[in-house]
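Structural overview
Listed below are the residues making up each chain.
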Amino acid sequence: MSLSRRESQEPEEDVVEMKKAIATGTKEAPTVSALPPIVCYCVASILMTVVNKFVVSGSNFNMNFLLLCIQSTVCVSCVATVKKLGVISFREFDTKDAKAWFPISFLLVSVIYTGSKSLQYLNIPVYTIFKNLTIILIAYGEVIWFGGRVTGLTLVSFFFMVFSSVIAAWADISASLTLGDPVVAESQGWALSSVSGIVSNMNVGYFWMLVNCLTSAAYVLAMRKRIKSTGFSDWDSMFYNNLLSIPVLAVFSLIAEDWSSENLMKNFPEATRNFLLFAIAFSGAAAVGISYTTAWCVRVTSSTTYSMVGALNKLPVAASGMIFFGDPVTVGSVSAISVGFFAGLVYAVAKNNQKKADAASQPAVLPMTRKP
């Protein structure tokens, strides 16, 4: 083969290898800077949280099932399109696989729905901090069902996670109680009924947050067990999760939500209807972006770097609520975010150390073939 022909084929081979790496994650992609995937992951995560908060925070919005149904439909459409372009690969739809995966999809619907309800009543910093508690539930679930273990450093990170949640709740409740002071309420122009409504909404928000943490842990643990039995890849899981959730969400929306023309006008007022629908579709596409950038980040860097990025990403996500939605910037809220940020870093280091210890404890395996 001539030199010029070989040089012309090298870029094509690089493209093929990149596509294989993206689709399956089984091969190393050509060397790529670690900065772009990390930045893209952070941007996608922040955008999805902010957009979801924007959609559900409307004073009259009450059609969460419809919102999630549209998002799942957009997500499936995006994944199918990218597959047709040959960028990713996942198995074709199979009835047997669908029956096996349906309980997982139902749990995912519960996770997303309770998360959207939490965001409807709580501000983004409080939501982000309390989401850390799910990690503790998952860790002890793995101890019970998968023979996992919790190291001393992991326990330290759990302590700081709980501590940050206590600070966040204290700051949130203190702000509401301060507003409940008649003098403060009068100076702010708030009626007593409005103050009572704020406190009531806060209680509802914490209830949905608790349910979200429980369902999130159940979803992750059940999915881990089911993946082992089905052999699903990440893209298989994403495709089936969203595809199977569409009929469930559509049925729940038709049964539980008000589809009268009056209520539709309240949820999608004419002045902002087009922008709201665009935001909902964009958040569905952002879910694909998060899945893709997660795989990209792990492939180009390492799982350890990705876990550290996940810990660091909580800070800008929480800050986005203060920037875009006017969430209160107080000593309590900033302290809670800082402690939660530190807890995430400690947890990432603990998991990295545990992974190294587990790898070191594995018996050495002699190679069965000789390298050429």
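Just so it is clear, the model here is predicted, and its values are computed rather than measured.

Further remarks concern the overall build of the protein chain. Each helix and strand counted, the protein chain has 14 helices and zero strands in total. In the protein chain, the succession of helices and strands from N to C terminus is α-α-α-α-α-α-α-α-α-α-α-α-α-α. When each of the 372 residues of the protein chain is scored for burial, the buried share is 40%. Contacts spanning at least 24 positions in sequence make up 84% of the contacts within the protein chain whose residues lie at least 6 apart. Approximately 20,000 Å² of the protein chain is accessible, and the part contributed by carbon and sulfur atoms is 67%.

Okay, a nonpolar patch on the surface next. Together, L35, V39, V43, L47, F54, F275, F278 and F282 make up a nonpolar patch on the protein surface, roughly 740 Å² of accessible area in all. For the nonpolar patch, the secondary structure elements donating two or more residues are α2 (35-56) and α12 (273-300). Examining the composition of the nonpolar patch, we find that five residues originate from one element, α2, more than from any other.

The sites that carry the UniProt feature "transmembrane region" (unreviewed entry) are, in the present numbering, residues 34-55, 61-80, 100-116, 122-140, 152-171, 205-223, 275-298 and 331-350. Between the C-alpha atoms that bound residues 152-171 there is a distance of 29 Å. The span itself is 100% helix and 0% strand.

The next point concerns the packing of aromatic side chains. What the rule picks out here adds up to 15 aromatic pairs. Plain terms: the ring middles of F65 and Y113 are 4.3 Å apart, the flat faces sit at 5 degrees to each other, and that makes the pair stacked. Pair noted here: F65 is in helix α3 (residues 64-84) and Y113 is in helix α4 (residues 95-121), with a separation of 48 residues, a long-range link. For Y113, a relative accessible area of 19% gives the class buried. Taken together, F65, F106, Y113, F207, W208 and F252 form an aromatic cluster joined through their ring pairs. For K83, the ring lying beneath its charged end belongs to F90, and the centroid distance is 4.4 Å.

Attention now goes to helix α6 (residues 133-146). The terminal C-alpha atoms of α6, which comprises 14 residues, lie 19 Å apart, in line with the 20 Å expected from a rise of 1.5 Å per residue. Inspection of α6 places T134, I136, I138, A139 and G141 among the buried residues, and these make up the whole buried set. Following α6 by one or two positions, G147 adopts a phi angle in the positive range, close to 70 degrees.

What follows covers the pattern of salt bridges. Taken as a whole and judged by the stated rule, the model has three salt bridges. When the shortest N-O distance is used, the salt bridge between R91 and D97 registers 3.3 Å. With a relative accessible area of 29%, R91 lands in the partly exposed category. Among the ionic pairs, R91 bridges to D236, the shortest N-O distance being 3.4 Å. Here the residue R91 occupies a position in the loop between α3 and α4, and D236 occupies one in helix α10 (residues 234-256), the gap between them amounting to 145 residues.

Time to look at the side chain of S118. Considering the arrangement of structural elements, one finds S118 in helix α4. On the basis of relative accessibility, which here comes to 0%, the residue S118 falls in the buried class. A polar side-chain atom of S118 sits 3.2 Å from the main-chain amide nitrogen of M209.

For the pair α4 and α10, interaxial distance at closest approach is 8 Å and the crossing angle is 65 degrees. Between α4 and α10, the angle falls in the class roughly perpendicular. α4 and α10 meet at a crossing whose hand is right-handed. In this structure, α4 uses D97, A98, W101, F102, I104, S105, F106, L108 and V109 to contact α10, whose residues at the interface are S237, Y240, N241, L244, S245, V248, L249 and F252.

Glancing now at the packing of α3 against α4. Between α3 and α4, whose axes approach to 10 Å, the crossing angle comes to 125 degrees. On the basis of their axis angle, the class for α3 and α4 is oblique. α3 and α4 meet at a crossing whose hand is right-handed. Across the interface between the two elements, N64, F65 and L68 of α3 pack against I112, Y113, S116, K117 and Q120 of α4.

Reading the values: the criteria
- Residues numbered from 1 in each chain as written.
- Predicted model: local features only at pLDDT ≥ 70, side-chain atom pairs only at ≥ 80, totals over all residues.
- Heavy atoms only, no water.
- Helix = DSSP H or I, 4+ residues; strand = E, 2+ residues; numbered from the N terminus.
- Buried < 20%, exposed > 50% of the residue type's maximum accessible area, 1.4 Å probe, protein only.
- Contact = heavy atoms within 4.5 Å.
- Areas by Shrake-Rupley, 256 points an atom, 1.4 Å probe, with all protein chains shown as cover.
- Patch = residues over 30% accessible without salt bridge, like charges linked within 9 Å, V, L, I, M, F, W, Y side chains within 5 Å.
- Salt bridge = Lys/Arg side-chain N within 4 Å of Asp/Glu carboxyl O.
- UniProt positions renumbered as here; feature names shortened; annotations may be inferred.
- Phe/Tyr/Trp six-rings, centres within 6.5 Å; stacked < 30°, edge-to-face > 60°.
- Lys NZ or Arg CZ within 6 Å of the ring centre and 35° of its normal.
- Expected span 1.5 Å × (residues − 1).
- Polar contact = N/O pair within 3.5 Å; in protein donor to acceptor, adjacent residues only side chain to side chain.
- Axes fitted to C-alpha atoms, helices over the stretch in contact; angles between N-to-C directions.
- Parallel < 35°, antiparallel > 145°, perpendicular 65-115°, else oblique.
- Left-handed = near helix turned anticlockwise from the far one by under 90°.

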